[in-house]
Number of protein chains: 2
Amino acid sequence: LLWFVRVTDGMPDPTQRDLLMRQEASRQTGGRVTLTAAEQKLDSYLRRLKEQEMSAAPFPPAVHFFKAKPLIQKSPVFKLLQKMPKGAALHIHSSSLVSAEWLVRNVTYRPRCYICFTWDNSVRFLFSERQPFPRWDCFYWQLLQTLRARIGDPTAFDNSLIQHLTLFTEDPDGEYPSQDVVWEKFEKAFIAAAGLITHAPVLRDYYYKGLEELHHDNIMYLELRSGLSRSYELDGTIHDKVWTLKTFQEVTKKFTADHPDFLGARIIISVHRALTVTEVKAAIKDAIQLQKDFPDVVAGFDMVGREDSGGTLWYFREALSLPAQLGVTLPYFFHAGETDDEGSNVDQNILDALLFNTTRIGHGFALAHHPLAKELSRKRNVAVELCPISNQVLKLVSDLRNHPAAVLMAEGHPMVISSDDPSLFGTAGLSYDFYQAFVGIGGLKANLGTLKELAVNSIRYSSLPAHLKDTGQAMWQKKWDAFISDNL
Amino acid sequence: LLWFVRVTDGMPDPTQRDLLMRQEASRQTGGRVTLTAAEQKLDSYLRRLKEQEMSAAPFPPAVHFFKAKPLIQKSPVFKLLQKMPKGAALHIHSSSLVSAEWLVRNVTYRPRCYICFTWDNSVRFLFSERQPFPRWDCFYWQLLQTLRARIGDPTAFDNSLIQHLTLFTEDPDGEYPSQDVVWEKFEKAFIAAAGLITHAPVLRDYYYKGLEELHHDNIMYLELRSGLSRSYELDGTIHDKVWTLKTFQEVTKKFTADHPDFLGARIIISVHRALTVTEVKAAIKDAIQLQKDFPDVVAGFDMVGREDSGGTLWYFREALSLPAQLGVTLPYFFHAGETDDEGSNVDQNILDALLFNTTRIGHGFALAHHPLAKELSRKRNVAVELCPISNQVLKLVSDLRNHPAAVLMAEGHPMVISSDDPSLFGTAGLSYDFYQAFVGIGGLKANLGTLKELAVNSIRYSSLPAHLKDTGQAMWQKKWDAFISDNL
Ligand SMILES: [Zn+2]
Ligand SMILES: [Zn+2]
């Protein structure tokens, strides 16, 4: 490293200054990617677009995504990112995979869909042959078809249903004054969607539609976090986790057959961190068995739900050490450090995720504030799954230029981009999150090399076996080359 | 470093886990400070106070300072910080040293004070023997005494004057939607205060009052950034920079004589980055001469004003290399990286500040995003002057937990805390900024060791010669010991 800069006539040598600037730039994500002549040309074009975008006000990454979304949609940088082959989506939750738009305008129009409005201003859905029984949270079920027939303005009604299934609001700062409030709405929307998604015939279409939305955004592979909820038939029959897993497998097979440029999808089995240690133990045993039975589909295990209010990884240590005790391998993909409660017990999840040999870190929002854990994660090549829009909407950060991942990107820390809960945030695919990471977090210095490395990373850090990574890499490269030549 | 953690029965060894956590904690600011038994006791107490504070809503560092201020004033942590000997204030601008309250309630009540309301809703003040002539920005001057006599509610009127001299507003987000708007008001308030402060008889009292406010907040030394504006007498006589510097020297002497526990004050001569290269060259030559003539008072040189809209350091390189060309030493204390325009030319100021051998970095908000510059700054022991409230009010960051200095604090980067423009932000002394750094940026893991190191740093990284640092250190230690024993 060039620490001593020659000084001539009191002035630092401009050549050495340039060299230092290039040395620093080479450390960032994609900083060591060599670009072809064609790539360099596109990179220059992209930089010009970005400069224009960064000098305009308001700057989309600096404002709440719900207000920034229409601005981003008009952005030429975003349009290019949509066309770009982005590789894999490695951090999406199954309950928020498909747009609420589709759930309402398609699924709720299917026959025998009942709705119930709860006392706390939420909704439940249920498909049923006959009038469903009252439940503790739902006393009065109405057939949606009948209700719609009675309502004057079905479009307004449908929009109100969509509101129940997403976090979108015109006034995010007013409506979500704190993390507590936004997380409450978050959990409500999850529960509201469950009755639709877990209906067995819907589930098939839902997965297919989810893969379609990703494919449409030029994504070729998915790792989906799912609790493998039981699904139900019209007559009340309940299917178990295995059925759900098999369905996922079949749908994926069908989708890749229909779309040969799609590589596939796998499941990261997830349980909620609100469970007891005993329950998590049982879930881990289950996951071990499922991974044995479906090695191609099950990638590993994770704990989900708001970190600040659930048990820490260390709290679950007896459960998490089960696989090693049993002499089996269950790869972990832990959410960790999705918090700004610095120095608390929750804040230690990042270190514990690493000590339990996590394969990747979900979010790792707090990682930059943990120098030792950061080194450990880098040394072990454990990538951070950066989900910028999720972090903003869930109120960890407002201006994305201050996202701590800016530090990680500047240092070239292992990283992939994902969308966490696209349907809840009103995104689809990864283009919106790529935009925020590329324009907001990366700033002007992030370039085409950055984008290339982020896309390549998504295959490199996936749970795929080596030979499928090679296949994926080759498929991606072909798409990438086409993307470059199409956009010159 | 302990990279390999022993695993027993699938579980990471708890002792080694603890060790890792302690290793990480030892890296933070103050992480290697050894606390006495008494200090440890106070530390435990402080931690309990902090835990209570961090679990309450709203969390003051997460909301705008103008709304957080009344909450902070009630905080037991803040009250302790007020009593704590904080060492030196190394980053304050002379035009915003003394509270607007004092300017209005004391200075504007002095005889022959004229006021003028400008077309752009600002004010100008002027002390004059007779009715001042109209100026380009001021057509109609009124004697304040006469005006006040005609106004029904002088308290309301005085409050409106205070508003002109500070950035305070009940609705900061609404009134300052962008950095541009808040900086405009910022510059206006500076200009409004100038007519009061640069009146020669006021200037003496102003400096004295400024030192008093610092002393009252348990600060013992000041390095003041000042442009050494010319001052004026009632009859229109103008004093030059040398007069201003001498006045500062005399007042400091008087103040330290009156307060033997105050160490002193020095000036960092500052020029605005809106000047031309030629003008800056002249200013640097001036500064060299003034430092020669007043070696005890002049600490060095800086460039001030909004970085995003002024010339970069590299733009001024011919001027900045003058001292070395002339074979003299003029220490630099550059503002650098007070920007979120990542990857722009302005963003390179940090590297250039270091290449021009800056002694400290003012703000360094962008430093954490520059891994190479960060290493260079650490290696050369160049401290960052962290001014959290300034960064929040000037809209670089909203929730202070996301201030990039959290990374620097976690890594134990050389750092001091300061207040930048206390009168404009409505603070006095350093306690408010210490609170934000300690509770918001440092989080729960920042402890009494952190506070101790920050205070000690302020003397260590000052421009004082070695023997005065020793004196200062000894004076501070005495105060610190008393602080510990008084608060057990
Ligand atoms: Zn997630
Ligand atoms: Zn400043």
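Just above sits the structure.
Residues numbered from 1 in each chain as written. Chains lettered and ligands numbered in written order. Predicted model: local features only at pLDDT ≥ 70, side-chain atom pairs only at ≥ 80, totals over all residues. Heavy atoms only, no water.

A. Spotlight on helix 20 (residues 431–441) of chain B. Residue and element names in this part refer to chain B. Taken across its 11 residues, helix 20 has 11 buried, putting it largely inside the fold. Here helix 20 has its buried residues at Ser431, Tyr432, Asp433, Phe434, Tyr435, Gln436, Ala437, Phe438, Val439, Gly440 and Ile441. At the exit of helix 20 stands Gly443, carrying a positive phi of roughly 65°. (Buried < 20%, exposed > 50% of the residue type's maximum accessible area, 1.4 Å probe, protein only. Helix = DSSP H or I, 4+ residues; strand = E, 2+ residues; numbered from the N terminus.)

B. Examining the interface of chain B and chain A more closely. Each partner contributes to the interface: chain B provides 60 residues, whereas chain A provides 60 residues. Where chain B meets chain A, there are 8 salt bridges. Of the charged contacts in the structure, one is a salt bridge between Asp340(A) and Arg401(B), with a shortest N-O distance of 3.3 Å. Inspection of the chain B/chain A interface yields 19 residue pairs in polar contact (both at pLDDT 80 or more). Elements with a contribution of two residues or more to the side of chain B that touches chain A: strand 2 (11–12), helix 1 (14–27), helix 2 (37–55), helix 13 (317–320), helix 14 (322–325), helix 15 (349–355), helix 16 (371–379) and helix 18 (405–411) of chain B. Classifying every residue of the side of chain B that touches chain A gives 27 nonpolar, 14 polar and 19 charged. (Contact = heavy atoms within 4.5 Å. Salt bridge = Lys/Arg side-chain N within 4 Å of Asp/Glu carboxyl O. Polar contact = N/O pair within 3.5 Å; in protein donor to acceptor, adjacent residues only side chain to side chain. Nonpolar A, V, L, I, M, F, W, Y, C, P; charged D, E, K, R; others polar.)

C. View of the pattern of salt bridges. Residue and element names in this part refer to chain B. The full count for this structure, using the stated rule, is 52 salt bridges over all chains. Across the pair Arg105 and Asp158 runs a salt bridge whose closest N-O atoms are separated by 3.8 Å. Of this pair, Arg105 sits in helix 5 (residues 100–105) while Asp158 is found in helix 7 (residues 154–165), placing the two residues 53 residues apart along the sequence. You can call Asp158 buried: its relative accessible area is 3%. The shortest N-O distance in the salt bridge between Arg360 and Glu223 comes to 2.9 Å. Taken together, the residues Arg360 in strand 13 (residues 360–363) and Glu223 in strand 7 (residues 219–226) connect sequence positions 137 residues apart. By relative accessible area, which is 0% here, Arg360 ends up buried.

D. Looking closely at the coordination of the zinc ion (ligand 2). Residue and element names in this part refer to chain B. Around the zinc ion (ligand 2), the protein contributes the donor atoms His91 (NE2), His93 (NE2), His335 (NE2) and Asp420 (OD), at 2.1 to 2.2 Å from the metal centre. With 4 donor atoms in place around the zinc ion (ligand 2) and angles of 83 to 170° between them, the coordination shape is irregular. Along the chain, the residues that donate to the zinc ion (ligand 2) are spaced as H-x1-H-x241-H-x84-D. Residues His91 and His93 agree in their burial class; the two are buried. (Donors = N, O, S within 2.8 Å, 3.2 Å for Na, K, Ca; no water. Tetrahedral: all angles 85-135°; square planar, octahedral: opposite > 155°, others 65-115°.)

E. Up close: unusual backbone geometry. Between Ala57(A) and the following residue, Pro58(A), the backbone shows a cis peptide bond with an omega angle of -10°. Tracing the backbone shows Pro58(A) in the loop between helix 2 (37–55) and helix 3 (65–74). Of note, Leu228(B) is a non-glycine position whose phi angle comes to about 50°, a positive value. The class of Leu228(B) is buried, set by a relative accessible area of 1%. Located in the positive-phi region is Asn381(B), a residue other than glycine, with phi close to 60°. Classification of Asn381(B) by relative accessible area gives partly exposed; the value is 39%.

F. Layout of the state of the cysteines. All names here are of chain A. A full pass over the atoms with the stated rule returns 2 disulfides over all chains. Each disulfide pairs two cysteine sulfurs, and for Cys116 the partner residue is Cys138, the sulfurs being separated by 2.3 Å. Taking the sign of the S-S torsion, -105° for the link of Cys116 and Cys138, the bridge is left-handed. Taken together, the residues Cys116 in strand 4 (residues 113–117) and Cys138 in the loop between strand 5 (123–127) and strand 6 (142–143) connect sequence positions 22 residues apart. Taking the relative accessible area as the measure of exposure, Cys116 reaches 0% and is therefore buried. (Disulfide = S-S within 2.5 Å.)

G. Geometry of the sheet that holds strand 7 (residues 219–226) of chain A. Residues and elements named next belong to chain A. The strand order across the open sheet formed by 4 strands is 3-7-10-11, and the pairing between neighbours is parallel. The open sheet has two free edges, formed respectively by strand 3 (87–93) and strand 11 (298–304), since each of these has just one partner strand. With strand direction ignored, the average angle separating the axes of adjacent strands in the sheet is 25°. Judged from the 5 bridges that link them, strand 3 and strand 7 form a sheet pairing that is parallel. The partner of Ala89 across the bridge, within strand 7, is Leu222. Together, strand 7, strand 10 (264–272) and strand 11 form the strand contacts of helix 11 (residues 241–258), whose direction differs from that of strand 10 by roughly 155°. Seen against the sheet, helix 21 (residues 448–460) touches strand 3 and strand 7 and runs at an angle of roughly 70° to strand 3. (Pairing = 2+ DSSP bridges. Axes fitted to C-alpha atoms, helices over the stretch in contact; angles between N-to-C directions.)

H. Spatial organisation of the relation of the copies chain B and chain A. For the match of chain B to chain A, the screw axis carries a shift of 0.0 Å, the RMSD comes to 0.0 Å, and the turn is 180°. Such a combination of rotation and displacement between the chain copies is what one expects of a two-fold axis. Minimal C-alpha separation from the rotation axis in chain B is found for Asn402(B), amounting to 3.2 Å. Most of the interface of chain B is mirrored in chain A: 100% of its interface residues are interface residues there too. (Least-squares fit on C-alpha atoms with pLDDT ≥ 70 in both.)

I. Broad picture of the coordination of the zinc ion (ligand 1). Residues and elements named next belong to chain A. Taken together, His91 (NE2), His93 (NE2), His335 (NE2) and Asp420 (OD) make up the full set of protein donors to the zinc ion (ligand 1), lying 2.1 to 2.2 Å away. Classification of the site at the zinc ion (ligand 1) rests on its 4 donor atoms, whose angles at the metal span 83 to 169°, yielding the label irregular. Each donor residue of the zinc ion (ligand 1) lies on one chain, and together they are spaced H-x1-H-x241-H-x84-D. A residue pair is termed long-range when its members are at least 10 positions apart, and His91 in strand 3 and His335 in strand 12 (residues 335–336) qualify at 244 residues. For His91, a relative accessible area of 0% puts it in the buried group.

J. Local environment of the side chain of Ser390(A). On the secondary structure map, Ser390(A) appears in helix 17 (residues 388–393). For Ser390(A), the contacting residues outside a window of four places in its chain are Glu338(A), His363(A), Asp420(A) and Phe425(A).

K. Structural view of the pairing of strand 5 (residues 123–127) of chain B. Residue and element names in this part refer to chain B. Counting buried residues in strand 5 gives 5 out of 5 residues, a clear majority hidden from the surface. The pairing of strand 4 (residues 113–117) with strand 5 spans 5 bridges and is antiparallel. Across the sheet, the residue bridging to Phe117 is Val123, located in strand 5. What sits between strand 4 and strand 5 in their antiparallel hairpin is a turn of 5 residues, with Asn121 showing a positive phi close to 65°.

Geometry only, nothing functional implied.
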